[in-house]
Amino acid sequence: MGTSQTDMIREFDRLIRRDPGKRGLIDSESQFGPLCQDHLLQAAQAIHSGASQVVIITGFYVPSAPVPAAETDGPPGAVLLALILEACGIDTLVVTDELCAPVLTATVDAFGYPRSQLAVLNPDQPGWVESFFSRQNISHLISIERVGPSHTIDSWLAQASGQSVGIELFQQRVPEMHFDRCHNMRGEIIDSFTAPLHQLFDRLHEFFPAAISIGIGDGGNEIGMGAITWEELDRRIASDFSALIPCRIATDWNIVAGTSNWGAAALAAAVAVLHDQTDILFDWQRDEQLKVLEFMVSEANAVDGVTKQCEPTVDGLPFLTYMQPWEGILSILTR
């Protein structure tokens, strides 16, 4: 990988490390420093150097929305990433659960990604993990804006060498009823609306010992955030429930961005740079991306995860603000 490619990908990383809404982890970086530095670069390099099949998991259901549905952050980034990887000659599969399936179906249709490469899993079926993995040849497993379970005493102890506080503080801040539960940013347990797709990460190496895992998130409750200690997330998460929210599941590389779609788009662009396949990125400019969001809303009632409204916005951001990192990436590529 050339120096210019490395510098370019680091510029992509800088572009997605903004938080206009001052609600996510990125806003904490001005006070506490960067999280997961160069993980975007490392993740892109890992995909470039040996991807046979990349499985991408996404979908965050918002049960408290006036019309409950999956949110607009996650699915567009997942499908855009899958399309770019396919253009680079890498097999992909997008995975979600039944509650998020309508929004994912609309998203793949909007992008022109094959429905045959969208898998909807039902973890109520016995042996579902074995059944799914037995049909795959996974080299990389990626989660994009997919909520995962919170810490337990065991997961806290596994991180103990990186913590400066004692287990007593963890037990004081996190009641046992909140152990190993999926939470939204309001500290509410949402397990009943979140199929346990995180088990694919927990058990990945039983089936694919050499597989590499990647997480992409913005708030701290997503799969992958276990790469950061509970203590660090507790002090950074902009919520009164910051102790309950951190996800325990670590990934090899964890991309932190202002929105998860930005992280996925930056990873797509980085892999395209390494494969010298950047032309396809220009197929997805402002108008095309707005059409995707509008189709998700009109066809499947997708909701903005912050406002909870059924509208073609992401995390409460004005559309032009939302597009700035992607347009910045395209601008870099035209220098």
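For the structure itself, consult the block above.
Read on for a plain summary of the structure.

Criteria and thresholds
Residues numbered from 1 in each chain as written. Predicted model: local features only at pLDDT ≥ 70, side-chain atom pairs only at ≥ 80, totals over all residues. Heavy atoms only, no water. Helix = DSSP H or I, 4+ residues; strand = E, 2+ residues; numbered from the N terminus. Rg over C-alpha atoms; globule rule 2.2 N^0.38 Å. Buried < 20%, exposed > 50% of the residue type's maximum accessible area, 1.4 Å probe, protein only. Contact = heavy atoms within 4.5 Å. Areas by Shrake-Rupley, 256 points an atom, 1.4 Å probe, with all protein chains shown as cover. Lys, Arg positive; Asp, Glu negative; His and termini not counted. Charge placed at Lys NZ, Arg CZ, Asp CG, Glu CD. Polar contact = N/O pair within 3.5 Å; in protein donor to acceptor, adjacent residues only side chain to side chain. Expected span 1.5 Å × (residues − 1). 1 Å grid on protein atoms, 1.4 Å probe; cavity = no way out; pocket = protein on both sides within 12 Å on 5 of 7 lines; lining within 4 Å. Points joined across faces, edges and corners; volume = space filled by probe spheres on them. Nonpolar A, V, L, I, M, F, W, Y, C, P; charged D, E, K, R; others polar. Phe/Tyr/Trp six-rings, centres within 6.5 Å; stacked < 30°, edge-to-face > 60°. Core = buried A, V, L, I, M, F, W, Y, C linked by side-chain atoms within 4.5 Å.

Another aspect to go through is the overall build of the protein. Tallying secondary structure elements over the protein gives 14 helices and eight strands in all. For a compact globule of 335 residues, the expected C-alpha radius of gyration is about 20 Å, and the protein comes in at 18 Å, within 12% of that figure. Oriented by its inertia axes, the alpha-carbon framework of the protein measures out at about 55 × 45 × 40 Å. Across the 335 residues that make up the protein, the buried fraction comes to 59%. Taking as baseline every contact in the protein between residues at least 6 positions apart, the subset at least 24 positions apart corresponds to 79%. With the model as given, the accessible surface of the protein reaches about 12900 Å², and the carbon-plus-sulfur share is 47%. Side-chain charges of the protein comprise 20 positive and 43 negative groups, with the mean position of each set lying 3 Å from the other.

Right, let's get into the environment of Ser242. In this structure, Ser242 sits in the loop between helix 11 (230–236) and strand 8 (253–256). Judged by relative accessible area, Ser242 falls into the buried class, the value being 8%. Spatially, the C-alpha atom of Ser242 lies 9.7 Å from that of Val174, the residues being 68 residues apart in sequence. When residues no more than four places from it in sequence are discounted, the contact partners of Ser242 are Arg173, Asp234 and Ile237. At a separation of 2.7 Å, a polar atom in the side chain of Ser242 contacts the side chain of Asp234.

Looking now at helix 13 (residues 286–300). For helix 13, built from 15 residues, the straight-helix expectation of 21 Å at 1.5 Å per residue is met to within 8% by its first-to-last C-alpha distance of 21 Å. Each element contacted by the buried residues of helix 13 is listed here: strand 3 (69–70), helix 4 (75–87), helix 5 (101–111) and helix 14 (319–333). Of the residues flanking the end of helix 13, it is Asn301, one or two places downstream, whose phi is positive at about 60 degrees.

Looking now at the layout of surface pockets. There is about 380 Å³ of room inside the largest pocket. In this structure, the largest pocket is lined by 22 residues; those nearest its centre are Arg23, Asn184, Met185, Arg186 and Gly305. For the lining of the largest pocket, a count of residues per class yields eight nonpolar, six polar and eight charged. Here the second largest pocket is characterised by a volume of approximately 150 Å³. When its residues are assigned to classes, the lining of the second largest pocket shows six nonpolar, three polar and three charged.

On to the packing of aromatic side chains, then. Counted by the stated rule, this structure contains ten aromatic pairs. Centre to centre, the rings of Tyr61 and Phe193 are 6.1 Å apart; their planes meet at 15 degrees, and the pair counts as stacked. Taken together, the positions of Tyr61 in strand 2 (residues 61–62) and Phe193 in the loop between helix 8 (167–173) and helix 9 (199–202) put the pair 132 residues apart, joining distant regions of the chain. Among the residues examined, Phe193 registers a relative accessible area of 34% and is labelled partly exposed. Aromatic pair Phe133 and Phe207: ring centres 5.0 Å apart, planes at 45 degrees, arrangement tilted. Of this pair, Phe133 sits in helix 6 (residues 128–133) while Phe207 is found in helix 10 (residues 204–207), placing the two residues 74 residues apart along the sequence. In textbook terms, an aromatic cluster arises when at least three aromatic residues are bridged by ring pairs, as seen for Phe132, Phe133, Phe207 and Phe208.

The next subject is the environment of Gly148. Of note, Gly148 is situated in the loop between strand 6 (140–144) and helix 7 (153–158). Along the backbone, Gly148 and Pro126 are 22 residues apart, and their C-alpha atoms lie at a distance of 21 Å. When neighbours within four sequence positions are excluded, Gly148 is seen to be in contact with Arg181, Cys182, Asn221, Glu222, Ile223 and Cys247.

A word on the nonpolar core. Generally speaking, a soluble globular protein has its nonpolar side chains buried in company with each other. Phe12, Ile56, Ile142, Leu267 and Trp326 are the most contacted members of the largest nonpolar core, which totals 72 residues. With twelve residues, helix 12 (residues 260–275) is the single largest residue contributor to this core. Sequence-distant contacts of Phe12, defined by excluding residues within four places in its chain, comprise Leu40, Ala266, Ala269, Ala270, Val273, Ile329, Ile332 and Leu333. Cys36, Val129, Ile223 and Met225 belong to the second largest nonpolar core, which has 32 residues in total.

Negative phi characterises most residues that are not glycine, and trans characterises most peptide bonds. One non-glycine residue, Asp38, lies in positive phi territory at about 65 degrees. Along the chain, Asp38 falls in the loop between helix 2 (29–32) and helix 3 (39–50). The phi dihedral of Asn301 falls on the positive side, at around 60 degrees, and the residue is not glycine. By the element assignment, Asn301 lies in the loop between helix 13 and helix 14. Judged by relative accessible area, which is 36%, Asn301 ranks as partly exposed.

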